[in-house]
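Chains, contacts and geometry: an overview
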Amino acid sequence: MHINFRCSECGIVSPVSYGVLYRIWKQGYEQMPDDKKSQAYFNAEIQCICGNEDKFDSPMFQYAFKTIFKEILALDEG
């Protein structure tokens, strides 16, 4: 399963797997102090091969990833 990120500059679409995003996010999440974890939010900063950098953090992106990651975290901890 993956998500397609479209570059706002050149229009190239880059598919990135949820597994890759989860590993990157989890590494940052585990380094956060425990009192800040409840305030964690999800975004993706992607650099295209054209050199353009985009940040993906829309409400739908936040909701989708929050749901997926919370489920995966529950599996990891359970």
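Conventions and cut-offs
- Residues numbered from 1 in each chain as written.
- Predicted model: local features only at pLDDT ≥ 70, side-chain atom pairs only at ≥ 80, totals over all residues.
- Heavy atoms only, no water.
- pLDDT = per-residue confidence, 0-100.
- Helix = DSSP H or I, 4+ residues; strand = E, 2+ residues; numbered from the N terminus.
- Salt bridge = Lys/Arg side-chain N within 4 Å of Asp/Glu carboxyl O.
- 1 Å grid on protein atoms, 1.4 Å probe; cavity = no way out; pocket = protein on both sides within 12 Å on 5 of 7 lines; lining within 4 Å.
- Points joined across faces, edges and corners; volume = space filled by probe spheres on them.
- Nonpolar A, V, L, I, M, F, W, Y, C, P; charged D, E, K, R; others polar.

Quick notes on the confidence of the model for the protein
- Of all residues in the protein, 94% have pLDDT values of 70 or greater, and the mean over the chain is 84.
- Considering each helix and strand of the protein separately, the mean pLDDT is smallest for helix α2 (residues 59-77), with a value of 74, and largest for strand β4 (residues 53-56), with 91.

Looking at the pattern of salt bridges
- Scanning the entire structure with this criterion turns up 2 salt bridges.
- Ionic pairing is found between Lys26 and Glu30, a salt bridge with its closest N-O pair at 3.6 Å. Taken together, the positions of Lys26 and Glu30, both in helix α1 (residues 18-31) and 4 residues apart, correspond to about one turn of that helix.
- Two residues, Asp34 and Lys37, come together in a salt bridge whose shortest N-O distance is 3.3 Å.

Observations concerning the layout of surface pockets
- Empty space within the largest pocket amounts to approximately 310 Å³.
- Forming the boundary of the largest pocket are 16 residues, of which Ile24, Trp25, Phe42, Asn43 and Ala44 lie nearest the centre.
- Those elements giving two or more residues to the lining of the largest pocket turn out to be α1, β3 (44-47) and α2.
- A per-element tally of the lining of the largest pocket places α1 first, with 5 residues.
- Here the lining of the largest pocket is composed, by residue class, of 13 nonpolar, 2 polar and 1 charged.
- If you add up the space inside the second largest pocket, you get close to 190 Å³.
- Around the second largest pocket, the lining is made up of 12 residues, and of these Lys37, Ala40, Phe42, Lys66 and Lys70 lie nearest the centre.
- Of all the secondary-structure elements, those providing two or more residues to the lining of the second largest pocket are α1 and α2.
- With 5 residues, α2 is the largest single contributor of residues to the lining of the second largest pocket.
- Taken together, the residues of the lining of the second largest pocket sort by class into 7 nonpolar, 2 polar and 3 charged.

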